[in-house]
Amino acid sequence: MRPIIVLLTDFGLLDPYVGQMKGVILREAPDACIVDLCHEVVAHDSVQAGFLLQASHGHFPPQSIFVSVVDPGVGSDRFIVLAQRENQFFLAPDNGLLSFLIDEPVSWWRIDAQAFAAGNTFHGRDIFAPIAARLALGATPQAFGSRVAPDTIIRHDLNWAEIGNPVVDCTVLHVDRFGNCLVNLRAEHFHESPRTWLLDDGRSVVKAAAYAELAPGQIGLLAGSQGVLELAVNQGDCARTLGLAPGLNIRLTRKDTPHP
Amino acid sequence: MRPIIVLLTDFGLLDPYVGQMKGVILREAPDACIVDLCHEVVAHDSVQAGFLLQASHGHFPPQSIFVSVVDPGVGSDRFIVLAQRENQFFLAPDNGLLSFLIDEPVSWWRIDAQAFAAGNTFHGRDIFAPIAARLALGATPQAFGSRVAPDTIIRHDLNWAEIGNPVVDCTVLHVDRFGNCLVNLRAEHFHESPRTWLLDDGRSVVKAAAYAELAPGQIGLLAGSQGVLELAVNQGDCARTLGLAPGLNIRLTRKDTPHP
Amino acid sequence: MRPIIVLLTDFGLLDPYVGQMKGVILREAPDACIVDLCHEVVAHDSVQAGFLLQASHGHFPPQSIFVSVVDPGVGSDRFIVLAQRENQFFLAPDNGLLSFLIDEPVSWWRIDAQAFAAGNTFHGRDIFAPIAARLALGATPQAFGSRVAPDTIIRHDLNWAEIGNPVVDCTVLHVDRFGNCLVNLRAEHFHESPRTWLLDDGRSVVKAAAYAELAPGQIGLLAGSQGVLELAVNQGDCARTLGLAPGLNIRLTRKDTPHP
């Protein structure tokens, strides 16, 4: 099976950075299949990158190699780490991006970066890309560094909220291009949600199974496609409607309880 | 020949949605060649998507599988349809996106969506992607649903204008990144155009064979590359110059006739 | 080895233009591996495109075919040229984009565009793409035109600055998505830089080996990853901080000399 290398970065597409990473990969592994997961992670936001990777990796083939470069510490003494979970590899700076894997059955390696002729500003191209290419060609992780214990990996867990009674205080993890606001409530708690919530400004939020169930302009709470609940407005922009952005908090109060 | 799957969506590239679709496709059809046609369709605008697909499909290999996901009705009772024209397949929600195929020699199937373990918010990943992958592997359309008659397909035809005398009233279909305004006049009518038109504000529009024929700042009418006429300003932004946007109307009056 | 075709354009990703080029390539060369170098070159800016290509081509496999379409003269009498350097091919309009190759050991051909059934507005799809596909299939350059001498190629060299004493006047070549300002100083002159520079407004610029060496808000001068020096703010946006944009000039004065 053709090896698959999946790229997740905060590089955007205005520059030749992603293209240069692909060039380096193909120079070493010309048959690699390179897939862009997303390059529009908020600059330097390794927490958002970790969320997107956590939500995405299960949809990829079992042999995928995920290369995540959201790396404000590039050129400092931060480490680069490689995780293996079954046959999937995860390569990232050791800055919390891979926190979601720490409690999983995963093996960890710390990369020996000295082995690469790299500058100090673009390890995505100079270190991550050649490692990914060699993994795609069948190299084993120990070729790139030493095994380390999970508790040496830097950890910045997402802070999960619960569906409380009478209120839930949640945080926006991600706003998508439709303005849907993905929040830190796991989708598996959807069934615990009441039919209707109130926002602090008195507007209602309706539990809905699909966007199209909502009337135009109506705000809904849905079990979205990324493993979390999301606030959405049917054919509207929920983030703009509610003034939400990643990192902002929002309080929902059950409508069947007295509103403060 | 390697199967080619072409993606057209309104997902943008800020999110992992397109990447997840590719992951699902490659999980089932690891040798598929996936091509991005465009992911920046205006959100929910199935008419624009249909225009872009109509203008593009002829440039792709005869065995291409076009997957178009502009799907505001996802999770509702809207259907998903599959069209086959010679060896090309077209998969899309039944919302008018494939109208341009209805009068063509095409066979149609309505997808049995119940066969997929899908959520209600992202059928592009949960239904469209696996169908495309299986078509790429050689599955036949009847594996996914029942044959239906063309007149059951939802139809939203583009409204084509004609080169009138003395005026032509046309509508902007698409504004490209250069500010060129593609209008609803078929390129084959280009020869009917007079040398010069007048806009309602008195400015001239000159028939031109190439952008570089126009003086700086001059507004031209060209037979563009997408099968329609376009208004353009050489090395300038015509949409900004004229305040145009998709859906807006514009009236051209032949200059050799008295201007109102 | 799978032939690799690398695309560099100013088409952006809002339109189906890049996708249509890929369709045409795959129709002729179904096994080609197509890589996007960058599609966000400033519209019509062949100088920026040349800089990005110069900074990037060395990272790609030796057999790559680079197709650069920043082509404001499309449809005029401008030529299309093909350069071969070892086993890499470079196809571009003859508008200065390939200036960086003129003094290199390169062979040049002028394309016979009449051989293609092309419109006047999109030679990227109608001429460049089929030529690239046929080169990928093994065609030789002479199949597409006649050998020409390097001094017939249009030349717009980048204007390189030097690290002067006490001042250096440089120009911004490119601003990346992080706001880093790449300037026309070759990275190999980095060692000539003093520890500290002053901007005309009195702010300091510190020579730094890595972004993370800089304190928050501090402005640094680094040897970036693209072969040139860059001004950067650690986890900040240098272009916004200093009001810089491509083409703007900036003067640095050595701090150990009296400031004017």
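Residues numbered from 1 in each chain as written. Chains lettered and ligands numbered in written order. Predicted model: local features only at pLDDT ≥ 70, side-chain atom pairs only at ≥ 80, totals over all residues. Heavy atoms only, no water.

A. The overall build of chain A, seen in detail. Looking only at helices and strands, chain A has 4 helices and 14 strands in total. By principal-axis analysis of the C-alpha atoms, chain A measures approximately 65 × 35 × 35 Å. Within chain A, the fraction of its 260 residues that count as buried is 59%. Contacts spanning at least 24 positions in sequence make up 64% of the contacts within chain A whose residues lie at least 6 apart. Within chain A, one finds 19 positive and 28 negative side-chain charges whose respective centroids are separated by 3 Å. (Helix = DSSP H or I, 4+ residues; strand = E, 2+ residues; numbered from the N terminus. Buried < 20%, exposed > 50% of the residue type's maximum accessible area, 1.4 Å probe, protein only. Contact = heavy atoms within 4.5 Å. Lys, Arg positive; Asp, Glu negative; His and termini not counted. Charge placed at Lys NZ, Arg CZ, Asp CG, Glu CD.)

B. Representation of the sheet that holds strand E14 (residues 249–254) of chain A within the structure. Residues and elements named next belong to chain A. Around the barrel, which closes on itself, the 7 strands sit in the order E8-E9-E13-E12-E11-E10-E14 with mixed pairing between neighbours. Across this sheet, the average inter-strand angle for adjacent strands is 35 degrees, counted without regard to direction. Pairing of strand E11 (residues 204–207) with strand E12 (residues 219–223), which is carried by 3 bridges, proceeds in the parallel orientation. Bridging from a neighbouring strand, Lys207 pairs with Leu221 of E12. The sheet strands contacting helix H2 (residues 46–56) are strand E8 (167–175), strand E9 (181–186) and strand E13 (228–233), and the helix crosses E8 at an angle near 90 degrees. (Pairing = 2+ DSSP bridges. Axes fitted to C-alpha atoms, helices over the stretch in contact; angles between N-to-C directions.)

C. Molecular detail of the relation of the copies chain A and chain C. Mapping chain A onto chain C calls for a rotation angle of 120 degrees and an axial translation of 0.0 Å; the resulting RMSD is 0.0 Å. The transformation relating the two chain copies, once decomposed into turn and shift, fits a three-fold axis. A different interface surface on each copy is seen, since only 9% of the contact residues of chain A are contact residues in chain C too. (Least-squares fit on C-alpha atoms with pLDDT ≥ 70 in both.)

D. Spotlight on the relation of the copies chain B and chain A. With an axial shift of 0.0 Å and an RMSD of 0.0 Å, the rotation relating chain B to chain A amounts to 120 degrees. With a heterologous cut-off of 20% or less, the 9% of interface residues of chain B that recur at the interface of chain A puts this contact in the heterologous class.

E. The arrangement of the environment of Leu52 of chain C in detail. Locating Leu52 of chain C in the fold gives a position in helix H2 (residues 46–56). Linking Leu52 of chain C and Pro3 of chain C, residues 49 residues apart in sequence, is a C-alpha distance of 21 Å. Every residue in contact with Leu52 of chain C, bar those within four places of it in the chain, is listed here: Pro16 of chain A together with Val41 and His174 of chain C.

F. Highlighting the interface of chain A and chain C. With 33 residues of chain A in contact, the opposing surface of chain C contributes 35 residues. Regarding the contact of chain A and chain C, the summed buried area is about 2700 Å², with carbon and sulfur atoms giving 58% of it. Broken down residue by residue, the surface that chain A buries against chain C is led by Tyr17, Arg27 and Thr121 of chain A, which jointly contribute 20%. Here chain A and chain C share 1 salt bridge between them. Two residues, Arg177 of chain C and Glu40 of chain A, come together in a salt bridge whose shortest N-O distance is 3.9 Å. On the surface where chain A and chain C come into contact, there are 15 residue pairs in polar contact (both at pLDDT 80 or more). Among the residues making up the side of chain A that touches chain C, the classes are represented as 15 nonpolar, 10 polar and 8 charged. (Buried area = accessible area lost by both parts, 1.4 Å probe. Salt bridge = Lys/Arg side-chain N within 4 Å of Asp/Glu carboxyl O. Polar contact = N/O pair within 3.5 Å; in protein donor to acceptor, adjacent residues only side chain to side chain. Nonpolar A, V, L, I, M, F, W, Y, C, P; charged D, E, K, R; others polar.)

G. Highlighting the pairing of E14 of chain A. Residue and element names in this part refer to chain A. Bridge analysis of E8 against E14 gives 5 bridges, and the strand direction is antiparallel. Directly across from Asp169, in E14, lies its bridge partner Arg251. Sheet analysis places strand E10 (residues 196–198) next to E14, joined by 2 bridges and oriented antiparallel. Looking at the pairing, Leu198 lines up with Thr253 of E14.

H. Molecular detail of the nonpolar core. Ranked by internal contacts, the top residues of the largest apolar core, which has 65 residues, are Leu53, Leu98 and Trp108 of chain B together with Ile5 and Val67 of chain C. Counting residues per element, this core draws most heavily on helix H3 (residues 123–136) of chain C, at 8 residues. Contact partners of Leu98 of chain B, with chain neighbours within four places excluded, come to Leu53, Val81, Phe90, Ala92 and Trp108 of chain B. (Core = buried A, V, L, I, M, F, W, Y, C linked by side-chain atoms within 4.5 Å.)

I. Quick peek at the domain arrangement of chain A. Residue and element names in this part refer to chain A. Per the domain assignment, the segments of chain A are domain 1 (4–152) and domain 2 (167–254). Across the boundary between the two partners, domain 1 contributes 4 residues, which contact 5 residues of domain 2. At the boundary of domain 1 with domain 2, total buried surface from both sides reaches about 460 Å², with 62% on carbon and sulfur atoms. Interface area lost by domain 1 to domain 2 is led by Gln48, Phe51 and Ala55, which between them contribute 75%. Counting across the domain 1 and domain 2 interface gives 1 residue pair in polar contact (both at pLDDT 80 or more). Among the residues making up the side of domain 1 that touches domain 2, the classes are represented as 3 nonpolar, 1 polar and no charged. (Domains from an automatic or database assignment.)

J. View of the side chain of Arg254 of chain C. Relative to the helices and strands, Arg254 of chain C resides in strand E14 (residues 249–254). Separated by 3.0 Å, the side chain of Arg254 of chain C and the backbone oxygen of Gly164 of chain C make a polar contact.

K. The packing of aromatic side chains, seen in detail. Residue and element names in this part refer to chain A. Evaluated as defined, the whole model comprises 21 aromatic pairs over all chains. Considering the side-chain rings of Phe11 and Phe122, the 5.5 Å spacing of their centres and the 85 degrees angle between planes classify their relative orientation as edge-to-face. On the criterion of sequence distance, the pair formed by Phe11 in the loop between strand E1 (4–9) and helix H1 (17–28) and Phe122 in the loop between strand E6 (107–111) and helix H3 (123–136) is long-range, its members being 111 residues apart. Relative accessible area serves as the criterion here: at 7%, Phe11 is assigned to the buried category. (Phe/Tyr/Trp six-rings, centres within 6.5 Å; stacked < 30°, edge-to-face > 60°.)

L. Geometry of the interface of chain B and chain A. The interface is formed by 33 residues belonging to chain B together with 35 residues belonging to chain A. Taken over both partners, the interface formed by chain B and chain A buries close to 2700 Å², and the fraction arising from carbon and sulfur atoms is 59%. Taken together, the links from chain B to chain A amount to 1 salt bridge. Counting every contact that joins chain B to chain A gives 15 residue pairs in polar contact (both at pLDDT 80 or more).

M. Broad picture of the pairing of strand E2 (residues 33–38) of chain A. Residue and element names in this part refer to chain A. The pairing of E1 with E2 spans 5 bridges and is parallel. From the neighbouring strand, Ile5 faces E2, where its bridge partner is Ile34. Read from E1 through H1 to E2, the crossover connection turns out right-handed. (Right-handed = clockwise from strand over helix to strand, strands pointing away.)

N. The packing of H1 of chain A against H3 of chain A, seen in detail. Residues and elements named next belong to chain A. With their axes 8 Å apart at the nearest point, H1 and H3 run at an angle of 35 degrees to one another. For the crossing formed where H1 meets H3, the hand is right-handed. Residues Gln20, Met21, Val24, Ile25 and Glu28 of H1 form the contact with H3, whose own contacting residues are Gly124, Arg125, Ala129, Pro130, Ala133 and Arg134. Classifying every residue of the contact of H1 with H3 gives 6 nonpolar, 2 polar and 3 charged. (Left-handed = near helix turned anticlockwise from the far one by under 90°.)

O. Just helix H1 (residues 17–28) of chain C, in detail. Residue and element names in this part refer to chain C. With 12 residues, H1 extends 17 Å from end C-alpha to end C-alpha; this agrees with the ideal 16 Å at 1.5 Å per step. Where burial is concerned, most of H1 is hidden: 10 out of the 12 residues are buried. Within H1, the full set of buried residues consists of Tyr17, Val18, Gly19, Gln20, Met21, Lys22, Gly23, Val24, Ile25 and Leu26. (Expected span 1.5 Å × (residues − 1).)

P. How the structure looks around unusual backbone geometry. Following Asn165 of chain B, the chain continues to Pro166 of chain B via a peptide bond in cis, the omega torsion being 10 degrees. Within the fold, Pro166 of chain B resides in the loop between strand E7 (145–148) and strand E8 (167–175). Non-glycine residue Gln235 of chain A carries a positive phi angle of around 55 degrees. Structurally, Gln235 of chain A can be placed in the loop between E13 and helix H4 (238–242). Judged by relative accessible area, Gln235 of chain A falls into the exposed class, the value being 52%.

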